[in-house]
Amino acid sequence: MDLIRTASDLRELTSAWRADGEVGLVPTMGSLHDGHASLIRRAREDATRTLVSIFVNPAQFGPGEDLAAYPRDEDRDVDVCRGLGVDAIWAPPVEEVYPSGVPLPEPDAGPVGETFEGAARPGHFRGVLKVVHRLFDLTGPCRAYFGQKDAQQLFLIGRMVRELAIPVTIVPCATVRESDGLACSSRNARLSPEEREQAGCLFLALSEAAGLARAGERETAVLVAAMAREIGATPMARIDYVAVVRDVTFEAIARIDGPARALVAVRFPSARLIDNLLLPGSAGAR
Ligand code: PAF
């Protein structure tokens, strides 16, 4: 397995790979967990060669966010990738991603980029699209793998790829969950044992919404109230937002009339967690 640091080495390696097969890219910020492992396994099934990028992207962290405290353990991540049969890791210093004085494309996240995670973290999606665009440009992947836990990110990346006609297939991968339903996330490691015990409330809330949708409820206010009740009953959790969005536009809706997704964002004293679920029965709803 190659461990490369520079943009030019990355271009050279991936263009050689493309000459005789398909390149799968798994973009990460490191601190790899079971969710990343499932993306990597999927990439290895599909592609001839798998590249994992490990880069804690400063452009997607706002002032006062947890950039400095973001968990980093490159040696462990390298071992995980080696164990999973990854072909190469790109773990660049910041100057290789953002060379000073070089203006890089900054795709517009548009109004959807200002809602939910974008409202809670202004500028976040501008930074995500900038780094993902740069990764696609340097790597030229045939497919890129993203987890559905970050549904809004996945929506915006998919839209960027369509609007800019970037020749890559985005592969959405199912959220990997712990036994109580908590979605795998690098931020889970920050939870105290007591917070961790209560963090299952996100999935419980989403499951309540799913149960109501399955039973035919179409008014999203009913689902939102049920999710808020579940999280509100969890002593250490504070709601950031709960909502139901139309899956194809990511806009909040009052009535389910097609594929819809329930979203939750919750603050615990040590970490802010997000999760979402595509609502069952919503695909055919009118
Ligand atoms: O989801 C993440 O880990 C990051 O937002 C990504 C896509 C690697 C961009 O930095």
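Look a little higher up for the structure.
Residues numbered from 1 in each chain as written. Predicted model: local features only at pLDDT ≥ 70, side-chain atom pairs only at ≥ 80, totals over all residues. Heavy atoms only, no water.

**Considering the sheet that holds strand β1 (residues 2-4)**
Sheet architecture is open: 6 strands sit in the order β1-β4-β3-β2-β5-β6, paired in parallel fashion. Of all strands in the sheet, those with a lone pairing partner are β1 and β6 (169-173), marking the two edges. On average, each strand axis in the sheet is tilted by 25 degrees relative to the strand beside it, whichever way the strands run. Running at roughly 155 degrees to strand β5 (residues 143-147), helix α2 (residues 34-46) makes contact with β2 (23-28), β3 (49-54), β5 and β6 of the sheet. (Pairing = 2+ DSSP bridges. Helix = DSSP H or I, 4+ residues; strand = E, 2+ residues; numbered from the N terminus. Axes fitted to C-alpha atoms, helices over the stretch in contact; angles between N-to-C directions. Contact = heavy atoms within 4.5 Å.)

**Concerning the site of the ligand**
All residues in the neighbourhood of the ligand are listed as Pro-27, Thr-28, Met-29, Asn-57, Gln-60, Val-131, Phe-146 and Gln-153. Between an oxygen atom of the ligand and a side-chain N or O atom of Gln-60, the distance comes to 2.6 Å. Note that an oxygen atom of the ligand is positioned 2.7 Å from one of the side-chain N or O atoms of Gln-153. Against a free-state accessible area of 290 Å², the protein chains account for coverage of 88% of the ligand. Residue classes in the shell around the ligand are distributed as 4 nonpolar, 4 polar and no charged. (Near = heavy atom within 4 Å. Polar contact = N/O pair within 3.5 Å; in protein donor to acceptor, adjacent residues only side chain to side chain. Areas by Shrake-Rupley, 256 points an atom, 1.4 Å probe, with all protein chains shown as cover. Nonpolar A, V, L, I, M, F, W, Y, C, P; charged D, E, K, R; others polar.)

**Remarks on the side chain of Asn-57**
Among the structural elements, Asn-57 can be located in the loop between β3 and α3 (74-83). With a relative accessible area of 1%, Asn-57 lands in the buried category. From its side chain, Asn-57 meets the backbone oxygen of Gly-127 in a polar contact 3.0 Å long. Not counting chain neighbours up to four residues away, the residues in contact with Asn-57 comprise Met-29, Tyr-98, Gly-127, Val-128 and Val-131. (Buried < 20%, exposed > 50% of the residue type's maximum accessible area, 1.4 Å probe, protein only.)

**Observations concerning the sheet that holds strand β7 (residues 238-246)**
Pairing in this open sheet of 3 strands is antiparallel, and the strands run β7-β8-β9 from one edge to the other. On the outer flanks of this sheet lie β7 and β9 (272-278), each paired with one strand and no other. The average angle at which neighbouring strand axes cross in this sheet is 15 degrees, direction not considered. Alignment of β7 against strand β8 (residues 260-267), held across 8 bridges, turns out to be antiparallel. Residue Arg-246 lies in a different strand from β8, and its bridge partner there is Ala-260. Contacts from helix α9 (residues 201-214) reach β8 and β9, with the element oriented near 25 degrees to β9. Packed on one face of the sheet, helix α10 (residues 220-232) meets β7 and β8 and runs near 155 degrees to β7.

**With respect to the packing of α9 against α10**
Helices that pack against each other are described as a pair by the angle of their axes relative to one another and the distance between those axes. One way to put it is that α9 packs onto α10 with a least axis distance of 8 Å and a crossing angle of 155 degrees. Taken together, α9 and α10 sit at an angle that is classed as roughly antiparallel. With respect to the hand of their crossing, α9 and α10 are arranged in right-handed fashion. Only Val-222, Leu-223, Ala-226, Met-227, Glu-230 and Ile-231 of α10 make contact with α9, whose side of the interface consists of Cys-201, Leu-204, Ala-205, Leu-206, Glu-208, Ala-209, Leu-212 and Ala-213. (Parallel < 35°, antiparallel > 145°, perpendicular 65-115°, else oblique. Left-handed = near helix turned anticlockwise from the far one by under 90°.)

**Structural notes on the pairing of β8**
For β8, the buried fraction is high: 7 of the 8 residues fall into the buried class. Relative to β9, β8 is paired through 7 bridges, and the arrangement is antiparallel. Counted as the bridge partner of Ala-265 is Ile-274 from β9. Taken together, β8 and the strand that follows it, β9, pair antiparallel across an intervening segment of 4 residues.

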